[in-house]
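Listed below, chain by chain, are the residues.
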Amino acid sequence: MSESISSSRRDALKQLAVLCGAVGALQMSRSADAADLPHLVPSDPTAQALSYHEDAKTVDVKQFPTYQPGQMCSTCLQLQGNAGDAWRPCNIFAGKLVNANGWCKVWVKKA
Ligand code: SF4
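What you see is a predicted model, and the numbers here were worked out from it, not measured in a lab.

Trainee: It is not clear to me how the nonpolar core should be interpreted in this structure. Could you clarify?
Mentor: Side chains that are nonpolar tend, in soluble globular proteins, to be buried together. Membership of the largest hydrophobic core is limited to 10 residues, which are Leu40, Ala47, Leu50, Tyr52, Cys73, Leu79, Cys90, Phe93, Val98 and Cys104. Not counting the four nearest positions on each side in its chain, cysteine 104 is found in contact with Leu50, Ser51, Tyr52 and Phe93. Residues Ala56, Val59, Tyr67 and Trp103 belong to the second largest nonpolar core, which totals five residues.

Trainee: I tried to follow the site of the ligand on my own but got confused; where do I start?
Mentor: Near the ligand, the surroundings consist of Tyr52, Cys73, Cys76, Gln78, Leu79, Cys90, Ile92, Phe93, Cys104, Val106 and Trp107. Classifying every residue of the shell around the ligand by side-chain character gives 10 nonpolar, one polar and no charged.

Trainee: Would you mind showing me how to read the pattern of salt bridges here?
Mentor: Pairs can form between side chains of opposite charge whenever their charged atoms are close. This structure, assessed with the given rule, holds one salt bridge. Note that aspartate 44 and lysine 96 form a salt bridge whose closest N and O atoms lie 2.9 Å from each other. Taken together, the positions of aspartate 44 in the loop between helix 1 (2–35) and helix 2 (45–49) and lysine 96 in the loop between strand 1 (87–89) and strand 2 (97–99) put the pair 52 residues apart, joining distant regions of the chain. Judged by its relative accessible area of 26%, lysine 96 falls in the partly exposed class.

Trainee: Explain the side chain of glutamine 71 here, please?
Mentor: Tracing the chain through its elements places glutamine 71 in the loop between helix 2 and strand 1. A polar side-chain atom of glutamine 71 sits 3.0 Å from a polar atom in the side chain of tryptophan 103. Apart from the residues lying within four places of it in its own chain, the contact partners of glutamine 71 are Ala56, Thr66, Trp103 and Trp107.

Trainee: Teacher, can you tell me more about the packing of aromatic side chains here?
Mentor: Working definition: an aromatic ring pair is given by the centre-to-centre distance plus the angle between the planes. The final tally for this structure, using the stated rule, is three aromatic pairs. When the centroid spacing of 5.6 Å and the interplanar angle of 65° are considered together, the rings of phenylalanine 64 and tryptophan 103 count as edge-to-face. Separated by 39 residues along the polypeptide, phenylalanine 64 in the loop between helix 2 and strand 1 and tryptophan 103 in the segment after strand 2 bring together distant segments of the chain. There is no split in this pair, since phenylalanine 64 and tryptophan 103 are both buried. Look at tyrosine 67 and tryptophan 103: their rings are 5.4 Å apart centre to centre, the planes differ by 90°, and that puts the pair in the edge-to-face class. Of this pair, tyrosine 67 sits in the loop between helix 2 and strand 1 while tryptophan 103 sits in the segment after strand 2, and the two are 36 residues apart along the sequence.

Thresholds, definitions, all that
- Residues numbered from 1 in each chain as written.
- Predicted model: local features only at pLDDT ≥ 70, side-chain atom pairs only at ≥ 80, totals over all residues.
- Heavy atoms only, no water.
- Core = buried A, V, L, I, M, F, W, Y, C linked by side-chain atoms within 4.5 Å.
- Buried < 20%, exposed > 50% of the residue type's maximum accessible area, 1.4 Å probe, protein only.
- Contact = heavy atoms within 4.5 Å.
- Near = heavy atom within 4 Å.
- Nonpolar A, V, L, I, M, F, W, Y, C, P; charged D, E, K, R; others polar.
- Salt bridge = Lys/Arg side-chain N within 4 Å of Asp/Glu carboxyl O.
- Helix = DSSP H or I, 4+ residues; strand = E, 2+ residues; numbered from the N terminus.
- Polar contact = N/O pair within 3.5 Å; in protein donor to acceptor, adjacent residues only side chain to side chain.
- Phe/Tyr/Trp six-rings, centres within 6.5 Å; stacked < 30°, edge-to-face > 60°.

This is the structure we're talking about:
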């Protein structure tokens, strides 16, 4: 009986290891896919509509009075992907990567 339980545990651990491996492979695949996305350029029509800047330091505060120092994509709720990556997916600009140091006028503070 105890041999049967031990065998079941072993099987469960094997299944868990396979599942963890599959999840890890899927996450790596997603990361690789995101890295393949094109970079958003300020001349993109949607980027222009939302006043996207590749570098938040270049935002003209007279033109965009809601901008505050410290606002940048890396501090925005909409930014996805891996912290530390220079270019990351954004919920607003699907299919493109935005610069982590960028900014646009729908910036929302990350909670
Ligand atoms: S929504 Fe946020 S993360 Fe996306 S481009 Fe604008 S400021 Fe950057």
